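Chains, contacts and geometry: an overview
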Amino acid sequence: MALSSLDEFVILVLKKDHCLQHEDASSSSSAPPSQVISISASEIVSWDLSEILAYASVKIRVHRTRLIEESSYFQGLLSGSFSESGLDHISVDWNLETFLNLVMCLYGYAIDVTSTSFLPLFEAALYFGVERLLSICKTWISVLVSSNDPASPKLDLSDLIQMWSFGLEHAGDFLPDLCAAYLAKNFMLVKSDEYFGSVPYELLISCIKHPHLTVHSEMHLADALLLWLDAERRMSGFSESRHDNTVNLMEQQKEKGMTHVYLKSVSPTYVKKVRFSLLPLSFIAGRSKSHGFSKFVDQSLESVIKLKKIPSTYLVDSLTDSPPADLRLRLTEYTEILDLSGCRQLNEASLLLSVLPNSYFSNLRWRKSLKSFLKNPEDDERNREHLSYGTLPILSFESLKEIDMSKCQRLNYKFVIKCFSKSFPSLRKLRAAYLLNIKVFTVLELLQNFRQLTEVDLTVDIAPIIPVQASLFYSGRGHCSLSNITRLTLEGRSDICDMGLQSISRLCDSLCYLNIKGCALLSDACIAYVIQRCKYLCSLIVCYTSFSENSILALCASISMTNEHMDSNSLAPKLQMLHMSKCEGISETSLFNLISQTQKMKSLCLRDTKVSDSVLCEFPGSSLEALDISNTTISWMALVRVISRNPNLKSLKARGCKNLLQLQGDGRADYSFPLFSAHEVFKSLSKGSGLEELEIGWGFSYFSLESLRPAVSFLRAISVGLGASLGEDALKLLSSACPLLESIVLYFQEISDSALASILTSLKHLQELALSYCFGDISIQSFKFSMPSLRKLRLERVTRWMTSDDLFILTQSCPNVTELSLVGCLHLNSDCQPIISGGWPGMISLHLEECGSITDNGVTSLYGCIALEDLLLRHNGSGIQKSFLLDATLKFPMLRLVSLDMCDAKEGGFDAPEEEEGSHFLSIVKISRCKSERCALGRVLAPVHRETLVMLWNGQNYTKTLIKQRL
C-alpha cells in the first residue's frame, strides 16, 4: 500500500522463519507459532522482550524519519529510488532479539552488551549502518580490553575467536587488534580454557607479539604454547600442511653467546621470543620429551646453566647495546602475580633489567650506569640507595600483588627488598620458600618496606634433629612501626630463636595465621609470648616445637608473658586452626582446658600427642572440617561423638589408632565387636556432607568402605595403613565408589593384579600411588596401562621381581612421574640409571633403597635428572665415589636433601661440602653407617644400622651431629 505524504511511520516485519545465524533455536515459545504481535517504538519503555520473543512474527511501528537519520541502510532504502521506499510495510530478515536491541538503540535506550551479544550487535550495526550502535559496541570492547578492574566482565574464548574471525573479514584492523590485546592481557585466564587449542595460529602469534602479554612467568607461557601445539596436532591429524604451524612453532637462534628461542609464524614478520633462559630447570627437564620442545632442551639447559654461573656485573658486560629482552621478566601494567619459583639462575641484574623502561636502553651508556650499581653489593648503603633512586628510572607496577621467588638462592635479598619496594608498592603476598639466606633481619626489613604486605611464607626443610644452639641472634633496632601482616609462615626455620621471633611479633599485631612448624629452637615461653601479643591469632601451626604448658595457658588467658595488662578474653574460643603434632609434655588437664574452649575450630591436628578420649569428648565445636588423631589412643566411641556433631567434616586422619579396634582382656583383637564399633564410626561419617580425604587403619575393612559409600563419592585421597583389611573386593570397589580419587596410599594390604588393574584403568585423575609392604601376587602386567596423570609412585617391598625391562615399561606407562621411591627391587642393576634419567628427566625426588646393584658402577648416569631436589641412595651397591656430595652440588643445582649409606661408598666414605661452601643449595645430608653381624652358624646376616651422621647447613652455620638411630 502506498504511503500518503502525511504518514510518518513505517511497519518493520520480522519473522522467526527468516531469522539469521544468531537466532537461538533452543528458545521456548509460550505463544502459538501463528500468532503475530504488533508493537510500537514509541512505547519501548513498556516492552517485555521475553514476551515479544515468544511470538512467531513481530511488527514494529517505527518513525520513518528516525530510521532515515540513524541508519544508512534505511536511509538508502526509504529515501532512494528503491521500490520499498513507497511501502508502509517492510520485511527485515534478521535475528529478532538483535534487531529489537538495534531499534532500542535508535531511540536512545540503553542496551546490554555482553560477551555473547557483542558480535550480533556489532554485525547488525555494520550491516544497517547505525553509527550510534557501532560506537556503543566499540566503546564496550575498548573499555573491556583496557580495564584493569578484576570485576569487569570477561569474554568467553569461543566468542573472542568468532569476533576475531569476523573482524578479519568485515571490520579491518580494529576488532582483530582488540581481540589480540584482550587475549594477551588475559592470557593466564584463557590458557586453561577448553577452547584454547582452537585459537587460530595467527591470533596466537598476534597475542604473543603484543606488548601487554601478561603471564605469571615464562614457564606459564611456554607451557601454554606446548598445550596449544598438542591440541593443534590432534585437530589437524598431523597433516603436512600444518607442519610449520605446529612442529616449527619454536625456532632457535644464537646471538652473542646467549641462546634465544623464537616463536615464528609462516611469515617472517611474526617473530617473538620465548625467554627459555628464564625457565625453571624442573620445567625444562620435565618437558624434554614434549612434542615441539625436545629438540631445544640441550640448548635451553645450556642457556640456564650459563646464566646461573655468571655474576651480575659480568652479565651486564656480556650484553650488547640493544635492550636485553631475553633476560627481562615479563612485567606489564596488568601483572598481578609474578612467579619466579625454581629459577635459581636469576640474579640482581635480571631483576633490575626487568624494572627499567625501554627508553633507558636508548642511551648507549646504560650498561655503565647499571654496572656501577651492581658491581659491589657491599657498597655503602646510602650510596647504593642514591644510585638506585637517583640515577635509575625504576618503574612502578601498581597492579602486582603477589610474588613467589622460592628457590631463587642467588639473589641478594637486601637488594631485592630495595628494588621490590620501589617497583611493587602494592605487594601483598610474598613466598620465598627454601631460601637459607633469608634471616630474621631480612623479615624485619620486609615488614618495614612493604606496608601493604599481608602474607609471608619463608618455609624451609624441617631439620631431622634439634640444633644444639641458635645460629642467629637478633637485637632490636628501637621503635619500628607496625606492619599489616596477617599470615606468617616460618616452617622449618631452625635458625630462628626466641629473640628473633619476639622481635617479629612486635611488628605483627594483626597476625591471624602463624606457622612455626619445626622451629625447634623456640621455647615454650617464647611461643606463649607471641600468642599473648598477637590478639587476633585464629590459626596456629606449632607441630614439632616446644609448644606446651605455658603456650596453652596463654591461649586460655591464664598467664601473662608480656608484662602487659592481661586481656580477659581468651584466644582459645577464637581458634579455627590448631595443629600440634608431636608436641610433648602437655598434661591432660591443660589439654582438656584448651580443647573444651575451641568451639569455632575448623581444623584440629592432635597427631602423635597424648590426647585421650576424655579430652576429645569435651570438644564443643560443630564446624570441624579436618581432624587428625593419627597415632593416638582415641577409641571409636570418642571419635563417633565428635563426628556426629560435625557434619561438615571433609578430612579425617586416624591411622595408627589401635583403639579403633576393640581389644579383649588378653590384648587380642575382638572381631565380634569391632564390626559394630567401626560401623558406628562410618555410619556417622556417611551422614555428613562428604569426605575428601581419609587416612585410616585399625578396624577398616570392605564392610567399612561399603557403609561409607554415600560419604566418599567426592573422596580425593585415601591412605590405608596397618590394622586395616581391605582385600581385593574393597580395592575394586574404590574405583566405582570414589571416581575422583587422586591419591591412593596402601600399607600392609593384600593386593593383586586384577585389583590394581581396576584402579589404574578406572581412576583417570590418579596422581599418586603408593604401595608399601603390601602382600599378594602382582606383576608388571599391573603397570602396563597408560597413566599420564601419575606424578608420585612409591613401590616399597612389593616388586621384588622388578627388572630393568620392567622399569622401562614403567617409564612408558607413567611418563610424567616426578617423585619415585623403589625399595627392595633386588634384580635391578646399573643399567637402570639411564632408564630412570632418560624416562623421567624431570624427576624431583628419587629414593632407591636395597635395589640390587644399581650403584655398583657409580651414579654417573643419574646426572641426567638435572632437576633433582631430594635424593636417597642406600644399599644399592658399593660404587659411589668419595667425591659424590661435591659432584652432586654441581650436577644437581636444585639439590637440597641427600641420604646415603657408608655401605655404598666405593672408598669407605664421602667428602663433605665445606662450611663456607655457600654456592650450593644443599641443606640436609644424612649418611648412615651399618655393621655386619653373624648368626650362631657363622653366616653373615643383613646389615644392622648403627648410627647416622647428620650435616645441616642453615645458610649461616654448618653443623655435624652423630646420632644412634637411623634417619
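Residues numbered from 1 in each chain as written. Predicted model: local features only at pLDDT ≥ 70, side-chain atom pairs only at ≥ 80, totals over all residues. Heavy atoms only, no water.

The name given to the protein chain in an unreviewed UniProt entry is BTB/POZ domain-containing protein FBL11-like isoform X2, with the source organism recorded as Camelina sativa. Among the UniProt annotations of the protein chain, the heading Function (unreviewed entry) holds the following wording: "May act as a substrate-specific adapter of an E3 ubiquitin-protein ligase complex (CUL3-RBX1-BTB) which mediates the ubiquitination and subsequent proteasomal degradation of target proteins." The UniProt entry for the protein chain carries the following text under Pathway (unreviewed entry): "Protein modification; protein ubiquitination." (UniProt positions renumbered as here; feature names shortened; annotations may be inferred.)

**Digging into empty space enclosed by the protein**
According to the stated counting rule, one finds 7 cavities of 30 Å³ or more in the structure shown. Taken as a whole, the largest cavity spans an internal volume of roughly 90 Å³. Looking at the largest cavity, the residues that line it are Val215, His216, Ser217, Glu218, Leu278, Leu329, Arg330, Leu338, Asp339, Leu340, Cys343 and Leu346. Each residue belonging to the lining of the largest cavity can be placed in one class, and the counts come to 7 nonpolar, 2 polar and 3 charged. (1 Å grid on protein atoms, 1.4 Å probe; cavity = no way out; pocket = protein on both sides within 12 Å on 5 of 7 lines; lining within 4 Å. Points joined across faces, edges and corners; volume = space filled by probe spheres on them. Nonpolar A, V, L, I, M, F, W, Y, C, P; charged D, E, K, R; others polar.)

**Notes on the layout of surface pockets**
Reported here for the largest pocket is a volume of approximately 1600 Å³. Lining the largest pocket are 42 residues, and of these Lys517, Tyr544, Arg607, Tyr747 and Arg794 lie nearest its centre. Elements represented by at least two residues in the lining of the largest pocket include exactly β23 (792-796), β24 (819-823), β25 (845-849) and β26 (870-874). A breakdown of the residues in the lining of the largest pocket according to their chemical character gives 14 nonpolar, 10 polar and 18 charged. What the second largest pocket holds in volume is close to 880 Å³. Around the second largest pocket sit 34 residues that line it, and Ser282, Phe283, Gly286, Arg791 and Thr818 are the ones nearest its centre. Secondary-structure elements contributing two or more residues to the lining of the second largest pocket are α11 (218-236) and α12 (281-286). Per-class residue counts for the lining of the second largest pocket are 13 nonpolar, 11 polar and 10 charged. (Helix = DSSP H or I, 4+ residues; strand = E, 2+ residues; numbered from the N terminus.)

**As for the nonpolar core**
Within the largest apolar cluster, 201 residues are counted, with the highest numbers of intra-cluster contacts made by Leu352, Met405 and Phe547. Excluding residues within four positions of it along the chain, Leu352 makes contact with Leu370, Phe373, Leu374, Leu392, Ile394, Phe415 and Cys419. Judged by nonpolar contacts, the second largest core, of 99 residues, contains Ile60, Leu160, Leu279 and Met894. (Core = buried A, V, L, I, M, F, W, Y, C linked by side-chain atoms within 4.5 Å. Buried < 20%, exposed > 50% of the residue type's maximum accessible area, 1.4 Å probe, protein only. Contact = heavy atoms within 4.5 Å.)

**Topic: helix α28 (residues 727-737)**
Looking at α28, one finds that the buried residues are Gly727, Ala730, Leu731, Leu733, Leu734, Ser735 and Ala737. Tucked into the core, α28 has its buried residues touching α27 (702-708), β20 (717-720), β21 (743-747) and α29 (753-762).

**Overview of the side chain of Ser635**
Residue placement: Ser635 occurs in the loop between β17 (626-628) and α25 (636-645). Beyond its immediate chain neighbours, meaning those up to four positions away, Ser635 contacts Asp613, Asn659 and Leu660.

**Some words on the packing of helix α18 (residues 413-423) against helix α19 (residues 440-449)**
Running from N to C, α18 and α19 point in directions that differ by 10 degrees, and their axes come no closer than 10 Å. In terms of orientation, α18 lies roughly parallel with respect to α19. Of the residues in α19, those touching α18 at Tyr413, Lys414, Ile417 and Ser421 are Thr442, Glu445, Leu446 and Asn449. For the contact of α18 with α19, a count of residues per class yields 3 nonpolar, 3 polar and 2 charged. (Axes fitted to C-alpha atoms, helices over the stretch in contact; angles between N-to-C directions. Parallel < 35°, antiparallel > 145°, perpendicular 65-115°, else oblique.)

**Considering the packing of aromatic side chains**
Following the criterion strictly, the structure yields 20 aromatic pairs and no others. On the numbers, 5.8 Å between centres and 5 degrees between planes, the contact of Phe74 with Phe128 is stacked. With Phe74 in helix α3 (residues 72-79) and Phe128 in helix α5 (residues 118-128), this pair connects stretches of sequence that are 54 residues apart. Residues Phe74 and Phe128 agree in their burial class; the two are buried. Each residue in the set Tyr73, Phe74, Trp94, Phe99, Tyr127 and Phe128 is aromatic and connected to the rest through ring pairs, giving one cluster. When the ring centre of Tyr513 is taken as reference, the NZ or CZ atom of Arg487 above it lies at 3.8 Å. Its end group placed over the ring of Tyr434, Arg896 keeps NZ or CZ at 4.0 Å from the ring centre. (Phe/Tyr/Trp six-rings, centres within 6.5 Å; stacked < 30°, edge-to-face > 60°. Lys NZ or Arg CZ within 6 Å of the ring centre and 35° of its normal.)

**A short note on helix α23 (residues 588-595)**
Along an α-helix, residues three or four positions apart point the same way, because every turn accommodates 3.6 residues. Burial in α23 covers these residues: Ser590, Leu591, Leu594 and Ile595. Viewed along the axis of α23, the buried residues span an arc of 125 degrees, placing them on a single side of the element. Here the buried face of α23 lies against α22 (549-555), β15 (577-579), β16 (603-605) and α24 (613-616). (Arc of directions from axis to C-beta.)

**Section: a nonpolar patch on the surface**
Among the surface-exposed residues, Leu722, Phe748 and Tyr773 lie close enough to one another that they form a single nonpolar patch of about 290 Å² accessible area. Overall, the relative accessible area of 47% leaves Leu722 in the partly exposed class. (Patch = residues over 30% accessible without salt bridge, like charges linked within 9 Å, V, L, I, M, F, W, Y side chains within 5 Å. Areas by Shrake-Rupley, 256 points an atom, 1.4 Å probe, with all protein chains shown as cover. Salt bridge = Lys/Arg side-chain N within 4 Å of Asp/Glu carboxyl O.)

**Concerning the pairing of β25**
With 4 of its 5 residues buried, β25 lies for the most part within the structure. Taken together, the 5 bridges between β24 and β25 define a ladder with parallel strand orientation. Across the sheet, the residue bridging to Leu820 is Leu846, located in β25. Handedness of the β-α-β unit built from β24, helix α31 (residues 832-839) and β25 comes out right-handed. (Pairing = 2+ DSSP bridges. Right-handed = clockwise from strand over helix to strand, strands pointing away.)

**Description of the state of the cysteines**
Tallying each qualifying case throughout the model produces 0 disulfides. Unpaired in terms of disulfides, Cys519 finds its nearest cysteine sulfur in Cys526, a separation of 9.6 Å. Among the cysteines around Cys825, which has no disulfide bond, Cys851 carries the closest sulfur, lying 4.4 Å off. (Disulfide = S-S within 2.5 Å.)

**Remarks on the environment of Leu133**
Assignment of secondary structure puts Leu133 in helix α6 (residues 131-146). For Leu133 and Ile111, which are 22 residues apart along the polypeptide, the C-alpha to C-alpha distance reads 9.3 Å. Ignoring anything within four residues of it in the chain, the contact list for Leu133 reads Leu102, Cys105, Ile111, Leu121 and Ala125.

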